[in-house]
Amino acid sequence: MTEITDKPMTKVLVFGGITGWIGKIMVDLCKEQGIEVMAAQTRLQNREAVAKELDEYKPSHVLNSAGITGRPNIDWCEDNKPDTIRTNVIGTLNLADLCYERDIHCTIYATGCIFKYDEAHPLGSGIGFVEESIPNFAESFYSETKGYMEQMLKCYPNCLILRVRMPISDDLFHRNFVTKIVKYERVVNIPNSMTVLTEMLPLSLAMAKDNLRGVYNFTNPGVISHNEVLDLYIKYVDPTYHYTNFTVEEQAKVIKAGRSNNELDTTKLMRDLPKGIKINDIKTACELCFQRMAVNLEKTGGIPEECKRAPKA
C-alpha cells in the first residue's frame, strides 16, 4: 500500500491545461502565484504516456480538468458513449491511480450534476445533498458516467474531488453557463447550486496546497434560478435582452439527455476553507460577476453577436 504524505506545492502538472477552459485558468493562476507549472501534453486514456510524463516532470501536485462534456452540450455524449467512457472514466481513473502509485496529490474537477431534487431533498427546502450522498441522477449518459466514476475515485486517498456545477465566469466564453442559457430560445426556471469560477478556482488551488482530500461540494453557498441569472445579465450587461420560460416537460421534448437540477450542501466546504479565503453566497457572487463582466466586455469589444436578441416585436 502506498503511503500518502502531505507535501508542499512545488511543481504542478495540469491536465486540460492546453485547451481546457478551467485547465488554462489554473495554469495562469499558478503562474500568478509563482508556482512552477506545466500543462500536460499527454491524453488521460494513454496510461503509459501519462506515467512517463509524471515520472519526467515529477509534480508535487496534479490538477485535472480534462474530460468530455460534448459539443455543443452533453447531448453529444448520448451518441458517443465509448468516447465518453474512455476519457471521463478510464482516463480519469488512470490518472488517479498513477498519481496514487507515486504519492502525488491529485485534484479532480468533477461535477455535482449527479443529483436531482427528490423527496429527501425537495426543491426550495434548503436541504442540499451532502458529500456522502449517493448519486441519484442518471438521466444523461454524461452524468451517469460521472456518478459511478466518483464512487471509484473515493477509493483513492490521494484525490481531492471537487463537485463543480453550472460554472459561471465573468466573460462570455462559450463554456460559461450564462453564455449557454443566453443563447437558448427558451429556458427553464429552477433554483440550482452553481460555481462562480472567479471566486472558486483560487480556492481550489488553496485547497490543493493544504493537501485537502476527499469529496467536496464545490459551489457557492445557496441557490440561484435561471431567471435570476438572466435578470442580472439584463441589469448589468444587456438591457435589451429578453427571455421566455418553458417547463421541464417541454424542455424534455427538445433535448436528448435529461438535465440535473439540485442544491448541494456547502457546510463541509465552508468549514474547511483555507486561511485568508472568502467565498460569497451564490447571489452575491453572481451580482459581482456580472459587474465584472460588463467591464470586461467593454474592454474586449462588447457583446458577441450570437448572444444578442432581436428586439421584441
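Shown above is the structure to which this text applies.
Bear in mind the structure is a predicted one, so any value in this text is a computation, not a measurement.

The rules behind each value
- Residues numbered from 1 in each chain as written.
- Predicted model: local features only at pLDDT ≥ 70, side-chain atom pairs only at ≥ 80, totals over all residues.
- Heavy atoms only, no water.
- Axes fitted to C-alpha atoms, helices over the stretch in contact; angles between N-to-C directions.
- Helix = DSSP H or I, 4+ residues; strand = E, 2+ residues; numbered from the N terminus.
- Parallel < 35°, antiparallel > 145°, perpendicular 65-115°, else oblique.
- Left-handed = near helix turned anticlockwise from the far one by under 90°.
- Contact = heavy atoms within 4.5 Å.
- Nonpolar A, V, L, I, M, F, W, Y, C, P; charged D, E, K, R; others polar.
- 1 Å grid on protein atoms, 1.4 Å probe; cavity = no way out; pocket = protein on both sides within 12 Å on 5 of 7 lines; lining within 4 Å.
- Points joined across faces, edges and corners; volume = space filled by probe spheres on them.

Some thoughts on the packing of helix 4 (residues 81–101) against helix 5 (residues 141–153)
Part 1 of the argument: Remark: helix 4 packs on helix 5, axes separated minimally by 10 Å, with the N-to-C direction vectors making an angle of 20°. Comparing their axes, helix 5 and helix 4 come out roughly parallel. For the pair helix 4 and helix 5, the crossing hand works out as right-handed. Mapping the contact onto sequence places K81, T84, I85, N88, V89, T92, L93 and A96 in helix 4 and F141, Y142, T145, K146, Y148, M149, M152 and L153 in helix 5.
Part 2 of the argument: A breakdown of the residues in the contact of helix 4 with helix 5 according to their chemical character gives 10 nonpolar, 4 polar and 2 charged.

Focus on the layout of surface pockets
Part 1 of the argument: As a volume, the second largest pocket reaches approximately 330 Å³.
Part 2 of the argument: Mapped by element, the contributors of at least two residues to the lining of the second largest pocket are helix 1 (21–32) and helix 7 (197–209).
Part 3 of the argument: Per-element tally for the lining of the second largest pocket: the top contributor is helix 1, with 5 residues.
Part 4 of the argument: The class makeup of the residues in the lining of the second largest pocket is 7 nonpolar, 5 polar and 6 charged.

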